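# Results of the structural survey
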Amino acid sequence: MLTQAENELMCRVGPGSGMGAALRRYWLPALASSELPEPGGDPVHVELLGEHFVAFRDEEGRVGLLNEACCHRGASLLLGRVEGCGLRCIYHGWKFAVDGKVLETPNVPDARFKDRIRAKAWPVREAGGLIWTYLGPTELQPSFPEWPWMEVTDAHRINAMALVPCNFVQIMEGLVDSSHLSVLHITPLSQADKSELDFARKTEHMAFDAAPRIEAELTDFGFHYVAMRDIEGPEGHRIEARVAAFIAPCFINNPNGDLFFACVPVNDEVTRFYHVWWNSERPIGEEPLRSQQLKFVGLDDEALARHGLTPGTIDGPLRPSRENRWHQDRELVRKGHFTGIFSFTEEDVAVSVSGGAIRDRSKEMLCIADHAIGRLYRVLLNMAKRVAEGAEPLASKANTRDIRGTHGTLAPNQNWRTLVPTHRPPSAAAASEPVA
Ligand code: FES
Ligand SMILES: [Fe+2]
């Protein structure tokens, strides 16, 4: 439980907000590479942390991210034309390169005028099927994070994104909440054993213990937590452990070990929920493996559009809402489906969105199963507090290559921490901060 002031601080991300200042100290995915496929293609609108930008890919394939409002007199550059190595505003024809250099100002006779001005362009890196940017102060720009899945080719990676109409913390809390898996997702989980998919096999056992033991602790990247389930099998009793990692500011490594999430705020009430699967051995990014995986979790294009979770559908009648009962089918419930909701993603979206765009955490009643949720709140609040006080942002010294989500069977008396030997405790200063 949080006070209303803490909840506001944790959730609000716009310019001038405490959490917004913290998030602006990290590289964040702004959009998927697939949203900007063609060199010289149409520019696209990007909203990130409540601010509006235009992304474009010039004819050489370089990506630029500019403020949406033209620096001359504010026309939207979404109307602009990509010409050669720049984006031309259609109002007076000023043309901008991906780095903000002004290439032409045709309505100004002085040819040197353009050399004295510059448009605001944000740093861009493209890696792992995502286009990343950094919206913070230039002098504080951190090094670009290196994740293992950035090193595999497209054929060995699956990228997917659902646009979800609620605050980013609501999605993240569902990702560090192991106990909901065997309740909310019981129907798709119990169908999992019929599937050949890695994802299905790795989650199959969770259908059998709805009350896992949860332990969580701080690390130098944020925190990790374990859910331990007692399983009675033909060979007797065993303990299955699933360890997830929350990495500041909004990333999670799933215990399946091959799945990364980024929950990036579009604004206070909409989140881009990115998924990245990778497998260096199997070409999971190729058909039919790619479509099978996406269909299984409800992230294929058709399912996302049908549930109002795409840029083209989120503002229409399909947006998940009370009016459409968050896409729950009561007839399906009567027939035996536990939720009556399409699949994993849509079930998660329904429960996250139905609590309100920004859930009121002063009115909740956390229990022992929510240990990692409380930890998430405190780490996020510390993240904002550190930046407000001028301290190093949380996780700035962590090596992203060493961070794991993982799972395994524990031998008798085996400590779950041995599953993640590369995770390090926080620095002494961070550890001394108050954490519930
Ligand atoms: S407003 Fe863009 S060139 Fe004038
Ligand atoms: Fe879920």
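### Here's the deal with the overall build of the protein chain
Looking only at helices and strands, the protein chain has 12 helices and 18 strands in total. Relative to its length of 436 residues, the protein chain is compact, with a C-alpha radius of gyration of 23 Å against a globular reference of 22 Å. Once the C-alpha set of the protein chain is aligned to its principal axes, its extents read approximately 85 × 50 × 45 Å. Looking at the protein chain as a whole, 44% of its 436 residues are labelled buried. Counted over contacts in the protein chain with a minimum sequence separation of 6, partners at least 24 positions apart contribute 60%.

### A look at the domain arrangement of the protein chain
What the domain assignment reports for the protein chain is domain 1 (40-140) and domain 2 (148-431). Spacing between the C-alpha centres of domain 1 and domain 2 amounts to 34 Å. Of the residues lining the interface, eight residues belong to domain 1; the matching set on domain 2 comes to 11 residues. For the side of domain 1 that touches domain 2, a count of residues per class yields four nonpolar, three polar and one charged.

### What to know about helix 3 (residues 168-175)
Most of helix 3 sits out of view: seven of its eight residues are buried. Those residues of helix 3 that sit buried are F168, V169, Q170, I171, M172, E173 and G174.

### A look at the sheet that holds strand 9 (residues 124-127)
Strands sit in the order 1-10-9 across an open sheet of three strands; the sheet is antiparallel. Each having just a single partner strand, strand 1 (27-32) and strand 9 make up the two edges of the open sheet. Between one strand axis and the next, the sheet turns through 35° on average, direction left out of account.

### Quick notes on the sheet that holds strand 3 (residues 51-57)
As summarised here, the arrangement of the three strands in space is 2-3-4, forming an open sheet in which the pairing is antiparallel. One side of each edge strand has no neighbouring strand; the edge strands of this open sheet are strand 2 (44-48) and strand 4 (63-67). For this sheet, the mean angle separating the axes of adjacent strands, direction not counted, is 35°. Note: strand 3 against strand 4, five bridges, orientation antiparallel. Looking across to strand 4, one finds that F56 is bridged to G64.

Reading guide: rules and limits
- Residues numbered from 1 in each chain as written.
- Chains lettered and ligands numbered in written order.
- Predicted model: local features only at pLDDT ≥ 70, side-chain atom pairs only at ≥ 80, totals over all residues.
- Helix = DSSP H or I, 4+ residues; strand = E, 2+ residues; numbered from the N terminus.
- Rg over C-alpha atoms; globule rule 2.2 N^0.38 Å.
- Buried ≥ 20, exposed ≤ 12 C-beta atoms within 10 Å, placed from the backbone.
- Contact = placed C-beta atoms within 7 Å.
- Domains from an automatic or database assignment.
- Nonpolar A, V, L, I, M, F, W, Y, C, P; charged D, E, K, R; others polar.
- Pairing = 2+ DSSP bridges.
- Axes fitted to C-alpha atoms, helices over the stretch in contact; angles between N-to-C directions.

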